[in-house]
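Structure assessment
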Amino acid sequence: MRLVRQVSLYFREGNSDKVYEIDLCSTGIDSYVVNFRYGRRGAALKEGTKTPDPVSLYKAEEIFQALEAEKRSKGYQSFGDTTDHKEIPVSVGPAKPQFNPEQLPPGRKKAILQRLQATIEGKTSSRFRWKTSRVIWAAGMMRMEEAIDSIYFLATKGDAMQHYAAIWALGRCSAQQAIPLFLSSLKSGSHSQQRIAAAALLKVTAGKEKERQVQFHLHSLAEPFQIAIQNNDTALLGELLQERVLGQENPHYSFLEDLYLLTQEYAWIKTPLKDILLTIPLKPNYFKHVRHIFKLAEFFDDFE
């Protein structure tokens, strides 16, 4: 059995401190199960399954998302989804950055660094037009290496959007020191944070670590897609996309996002993927995945 996807949720209220973990696992060719564990934090967790018999990847993802949505509706959340200003645990915490106002660069960069420092020192006020997440996003657009330490420090100290923007900006800046943040977000962040963290890891890592990320996305795909990619078979991948995307009505097509991320390692995948993106209608079930791929393309400066 191979783990394809996992989410860890928690619920705290009064004396209640519970966790709920959901796993989506592959048990063979297009054969998947959704299992769960729950109980009090620190105690032995009870186990169960939502799939007494294995199901297809499409059905398993549907069950996984429905179960996660059910728990979130009851107050469960992941660390990446917190909307208050408590710190989100990261395996390695960043140190408070040193700030020297006499060494600031001129122009827009100076304004961005000053605003980030004001946030770190708790000196923000209502006169600032942009939220901190927007300032962080601007630094990422400009690939401001001077802002890396400040963004990394602030990444876990704001709301979910600030966390997302920080992952995006640090990935754009190729910040090696932020790899623990990317890994933490990939494991326990919201769907959007997981998606951008995956992109950041593919951009920042190299060697065996990058290969692990590539294999994670490859093994998230149904077996026929894996075979097509491993054999560099453009024609077969195109046929599968026509069959699985245009020929079916499913609630989601998240595997298109995994395919796009794999173009960072297998450039040839982009040709059949572009063909299908130019064909599918911008309507429910399809549109959100087109939008997600657009945001990933923006991250990679993939103008094509």
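Turning to unusual backbone geometry, a few remarks are in order. Its identity is not glycine, yet Asn-232 carries a phi of approximately 50 degrees, on the positive side. Among the secondary structure elements, Asn-232 is positioned in the loop between α9 (223-230) and α10 (234-246). For Asp-301, which is not a glycine, the phi torsion comes out positive at approximately 55 degrees. Tracing the sequence through the fold places Asp-301 in the segment after α13 (287-299).

Our focus in this paragraph is the environment of Ala-147. Its place among the elements puts Ala-147 in the loop between α3 (132-141) and α4 (148-154). Since its relative accessible area comes to 0%, Ala-147 is described here as buried. For the pair Ala-147 and Val-135, spaced 12 residues apart in sequence, the C-alpha to C-alpha distance is 10 Å. Excluding residues within four positions of it along the chain, Ala-147 makes contact with Leu-113, Leu-116 and Ala-139.

Among the structural elements, Val-33 can be located in strand β3 (residues 31-40). Since its relative accessible area comes to 7%, Val-33 is described here as buried. Sequence spacing of Val-33 and Leu-116 is 83 residues, and the spatial spacing of their C-alpha atoms is 45 Å. Leave out the neighbours within four places in its chain, and Val-33 touches Met-1, Asp-23, Leu-24, Cys-25, Thr-27, Thr-51 and Pro-54.

Time to look at the nonpolar core. Counting residues in hydrophobic clusters, the biggest one holds 86 residues, and the most contacted among them are Phe-255, Leu-256 and Leu-259. Ranked by residues supplied to this core, first place goes to helix α7 (residues 191-204) with 8 residues.

Our focus in this paragraph is the pairing of β3. Summarising burial for β3: 8 of the 10 residues are buried, a large majority. Sheet topology places strand β2 (residues 16-28) next to β3; 10 bridges connect them, and they run antiparallel. The residue bridging Tyr-20 from the neighbouring strand is Tyr-38, located in β3. Count of turn residues in the β2/β3 antiparallel hairpin: 2 residues, of which Asp-30 carries a positive phi of about 45 degrees.

The next subject is the pattern of salt bridges. Following the criterion strictly, the structure yields 19 salt bridges and no others. Two residues, Lys-109 and Glu-146, come together in a salt bridge whose shortest N-O distance is 3.3 Å. With Lys-109 in helix α2 (residues 107-120) and Glu-146 in the loop between α3 and α4, this pair connects stretches of sequence that are 37 residues apart. When its relative accessible area of 27% is taken as the criterion, Lys-109 is described as partly exposed. Here Glu-146 falls in the partly exposed class, since its relative accessible area comes to 40%.

Let us look at the confidence of the model for the protein chain. The predicted model of the protein chain averages 86 in pLDDT, with 93% of residues at 70 or higher. Note on residues 80-92: pLDDT under 50 across the span, and 36 contacts to partners over four residues away in sequence or across chains.

In space, the 4 strands of this open sheet follow the order β1-β2-β3-β4, with antiparallel pairing throughout. The outermost strands of the open sheet, each flanked by one partner alone, are β1 (2-13) and β4 (46-49). Shown here is a sheet whose adjacent strand axes are inclined to one another by a mean of 20 degrees, direction ignored.

The next subject is α7. The terminal C-alpha atoms of α7 lie 20 Å apart, and with 14 residues this matches the ideal 20 Å at 1.5 Å per residue to within 8%. In terms of burial, α7 is a largely internal element, 11 of the 14 residues being buried. Those residues of α7 not exposed but buried are Gln-193, Gln-194, Arg-195, Ile-196, Ala-197, Ala-198, Ala-199, Ala-200, Leu-201, Leu-202 and Val-204.

Right, let's talk about the packing of α10 against helix α11 (residues 255-262) for a bit. In contact at an axis separation of 12 Å, α10 and α11 are set at 160 degrees when each is read in the N-to-C sense. In terms of orientation, α10 lies roughly antiparallel with respect to α11. When you trace α10 past α11, the crossing you get is left-handed. When α10 is examined against α11, the residues Leu-237, Leu-241, Arg-244 and Val-245 are found in contact with a partner set consisting of Phe-255, Leu-256 and Leu-259. Along the lines of polarity and charge, the residues of the contact of α10 with α11 split into 6 nonpolar, no polar and 1 charged.

Turning our attention to the packing of aromatic side chains. Applying the stated criterion across every chain, the model contains 13 aromatic pairs. Seen from their ring centres, Trp-137 and Trp-168 are 3.8 Å apart, and the 10 degrees between their planes marks the pair as stacked. Linking Trp-137 in helix α3 with Trp-168 in helix α5 (residues 160-172), this pair joins segments that are 31 residues apart in sequence. For the pair formed by Trp-137 and Trp-168, the shared burial category is buried. An aromatic cluster of three or more residues is present, and its members are Trp-137, Tyr-164, Trp-168, Tyr-260, Phe-299 and Phe-300.

Calculation notes
Residues numbered from 1 in each chain as written. Predicted model: local features only at pLDDT ≥ 70, side-chain atom pairs only at ≥ 80, totals over all residues. Heavy atoms only, no water. Helix = DSSP H or I, 4+ residues; strand = E, 2+ residues; numbered from the N terminus. Buried < 20%, exposed > 50% of the residue type's maximum accessible area, 1.4 Å probe, protein only. Contact = heavy atoms within 4.5 Å. Core = buried A, V, L, I, M, F, W, Y, C linked by side-chain atoms within 4.5 Å. Pairing = 2+ DSSP bridges. Salt bridge = Lys/Arg side-chain N within 4 Å of Asp/Glu carboxyl O. pLDDT = per-residue confidence, 0-100. Axes fitted to C-alpha atoms, helices over the stretch in contact; angles between N-to-C directions. Expected span 1.5 Å × (residues − 1). Parallel < 35°, antiparallel > 145°, perpendicular 65-115°, else oblique. Left-handed = near helix turned anticlockwise from the far one by under 90°. Nonpolar A, V, L, I, M, F, W, Y, C, P; charged D, E, K, R; others polar. Phe/Tyr/Trp six-rings, centres within 6.5 Å; stacked < 30°, edge-to-face > 60°.

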